[in-house]
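Architecture and fold: a report
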Amino acid sequence: MSVVRLTDRIKVMERKPMTFLERIYLPAIIKGMSITISHFFKKKATISYPEQKRPMSEVFRGLHILKRDDRGAERCTACGLCALACPAEAISMTAAERKRGEELLYREEKYAAVYEINMLRCIFCGLCEEACPKAAIFLQNDKLAPASFEREDFIYGKDRLVEPFLLKKT
Amino acid sequence: MSWIILKIIFISIIFGLSLFIAMYSTYAERKIAAFLQDRLGPNRAGPFGILQPLADGIKLFFKEEFIPLKADRWLFLMGPGFFMITALMTSAVIPFGPDITIDGKSFSLQATDINVGLLYIFGVVSLGVYGILIGGWASNNKFSLLGAIRAASQNISYELAMGLSIVALVMMSSSLSLKEIVDQQAGWHWNVFYQPLGFLIFIICAFAETNRAPFDLPECETELVGGYHTEFSSMKLGFYLFAEYINMFVSSAILATLFFGGYHFPGVSSMDPGIVKTALSVAVMFGKIFFFIFLFMWVRWTLPRFRYDQLMNLGWRVLIPLAVINILVTGAVILYKMM
Ligand code: SF4
Ligand code: SF4
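What counts and what doesn't
Residues numbered from 1 in each chain as written. Chains lettered and ligands numbered in written order. Predicted model: local features only at pLDDT ≥ 70, side-chain atom pairs only at ≥ 80, totals over all residues. Heavy atoms only, no water. Near = heavy atom within 4 Å. Nonpolar A, V, L, I, M, F, W, Y, C, P; charged D, E, K, R; others polar. Salt bridge = Lys/Arg side-chain N within 4 Å of Asp/Glu carboxyl O. Buried < 20%, exposed > 50% of the residue type's maximum accessible area, 1.4 Å probe, protein only. Helix = DSSP H or I, 4+ residues; strand = E, 2+ residues; numbered from the N terminus. pLDDT = per-residue confidence, 0-100. Pairing = 2+ DSSP bridges. Patch = residues over 30% accessible without salt bridge, like charges linked within 9 Å, V, L, I, M, F, W, Y side chains within 5 Å. Areas by Shrake-Rupley, 256 points an atom, 1.4 Å probe, with all protein chains shown as cover. Contact = heavy atoms within 4.5 Å. Buried area = accessible area lost by both parts, 1.4 Å probe.

Focus on the site of ligand 1
- What surrounds ligand 1 is the set His64(A), Cys86(A), Pro87(A), Ala88(A), Ile91(A), Cys122(A), Ile123(A), Phe124(A), Cys125(A), Gly126(A), Leu127(A) and Cys128(A).
- Along the lines of polarity and charge, the residues of the shell around ligand 1 split into 10 nonpolar, two polar and no charged.

Thoughts on the pattern of salt bridges
- For the structure on display, the rule yields 14 salt bridges over all chains.
- Two residues, Arg71(A) and Asp69(A), come together in a salt bridge whose shortest N-O distance is 3.9 Å.
- We classify Arg71(A) as partly exposed; its relative accessible area is 48%.
- Taking the shortest distance from any N to any O, the salt bridge between Glu108(A) and Lys134(A) comes out at 3.5 Å. Of this pair, Glu108(A) sits in the loop between strand S2 (91–97) and strand S3 (110–118) while Lys134(A) sits in the loop between helix H4 (127–131) and strand S4 (137–139), and the two are 26 residues apart along the sequence.
- Judged by its relative accessible area of 26%, Lys134(A) is partly exposed.
- Here the residues in one salt-bridge network are Glu29(B), Arg212(B), Glu244(B) and Arg300(B), joined through shared partners.

Details of the confidence of the model for chain B
- For chain B, per-residue confidence averages 83 on the pLDDT scale, and residues scoring 70 or more make up 96% of the total.
- With a pTM of 0.77, the predicted complex shows an ipTM of 0.72.

So, the site of ligand 2
- Contacts to ligand 2 come from 13 residues, most closely from Cys76(A), Cys79(A), Gly80(A), Cys82(A) and Cys132(A).
- Of the residues assigned to the shell around ligand 2, the class counts are 10 nonpolar, two polar and one charged.

Side note on the sheet that holds strand S5 (residues 155–156) of chain A
Residue and element names in this part refer to chain A.
- Read across the open sheet, the three strands follow the order S2-S3-S5; overall the sheet is antiparallel. Of all the strands in the sheet, the pair left with one neighbour each is S2 and S5.
- Examined bridge by bridge, S3 and S5 share two bridges and lie antiparallel to one another. Looking at S5, one finds that asparagine 118 is bridged to isoleucine 155.

Focus: a nonpolar patch on the surface
- Together, Phe20(A), Leu21(A), Ile24(A), Leu26(A), Ile30(A) and Leu200(B) line one region of the surface with nonpolar side chains, adding up to about 550 Å² of accessible area.
- Elements represented by at least two residues in the nonpolar patch include exactly helix H1 (20–23) and helix H2 (26–40) of chain A.
- Residue position: Leu26(A) is located in helix H2.

Brief notes about the interface of chain A and chain B
- Across the contact, 17 residues belong to chain A and 18 residues belong to chain B.
- Summing the contributions of chain A and of chain B, the shared interface buries around 1,500 Å²; its carbon and sulfur component is 70%.
- Looking only at chain A, the three residues that lose the most surface to chain B are Met33(A), Phe40(A) and Lys44(A), adding up to 38% of its buried area.
- For the interface between chain A and chain B, the tally reads one salt bridge.
- Of the charged contacts, one joins Glu51(A) and Arg44(B) as a salt bridge, the two residues approaching to 3.0 Å between their closest N and O atoms.

As structure tokens, then:
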């Protein structure tokens, strides 16, 4: 029975007995050693991580950030859409009403008093970013959640999520 | 009296140097392995990871000392020590440089120039396998025992071929003293050019005797966990690993001595005697040794391990007949020259 060839990529192994040169191994050994020595002088693939960082893609989805608007007020209005969109249920928040005089702190009348993301649950899908109507939450492309010994350390509160307040020169 | 003191100083220097070179061979091994595989290797302890061997040593000292319950305590402790001692003993007859003159008296850079130096090396090297055998047997573990048996049979098989390959060399030099063999090779008269086949057989056997890849079957991790040192921990394991590197250093020194003219190098050996010449000669010797150590590592990180039957086949059915042929040819040539 002949084998029906479905593709032309089939390569039939030839089982010839080894020639004399193959049997004494030495040419093969020399060939192998010349290959390894050529790698000796090649550029190394290693990236020495803490000192050197791998360039990340523009659209890489890393650690979250809660943005402020151009006056420095938090954009999040605690609508909960991100928590709803999150497939991993990593986000939880408590809403609060903005008091008089806090206009420069919070942009909307309702804001998140507590906003927590559990980085161990998060799968960095970016759906929260897509769901947000206020353009408040983004996944940064240059930061990762660092390793830690304690599980508690991976629940990121507002202290670590909100964008640091930068004084603008005007 | 002062001669004895000088000798003691010299022997201590060789002793310390062997240990130091073995220590940095572990570092070199890891670096070379890394470089051959496009990696960087250890580079955290000190600049370029230069303190890595120290860190490794300290780590080994602080590891738990473990002796299996059913092990033979004394032999278990003796194994690594024995292996280490035999490894260190071999360097006694290697000439590291030409004679130097101190206060009008000649002093040779060789611990002792016994007239059967070659035989001495063979004797001590074949004792070395007892360290492995004792350790493997005493651990009362099937993997250790298998590793030990492999080491023993491998050493016996390859010692034969090694000895035979040396016979041809001795026929040419008609001396067993390493110093004389070296001095006969002054200029470009290196034995490797007269005995290429002998050299090939010898270096293959040297790989097998030092249990280095591709012949590292006694510690073959894929089959035997850790081979003969499966049960060893802390510095006892350290001794085994360390002695392997000393063996490698000594083998490289012997290779350089027997086949590559030892401390002779054409430009250097024709210079006027003096401190510069001595220093250069010693440097040449160590350059050759380091080259062979590099070769050992280069081969290790290139070739896959032999299968056990292939190993035995190579030893008994290829190398020994080849060595015998080599002897016959050498003998015929010598006879022809005499006529
Ligand atoms: S990135 Fe995905 S998983 Fe992580 S918090 Fe946002 S929606 Fe949830
Ligand atoms: S981050 Fe956006 S989606 Fe989430 S609660 Fe705040 S405003 Fe709503």
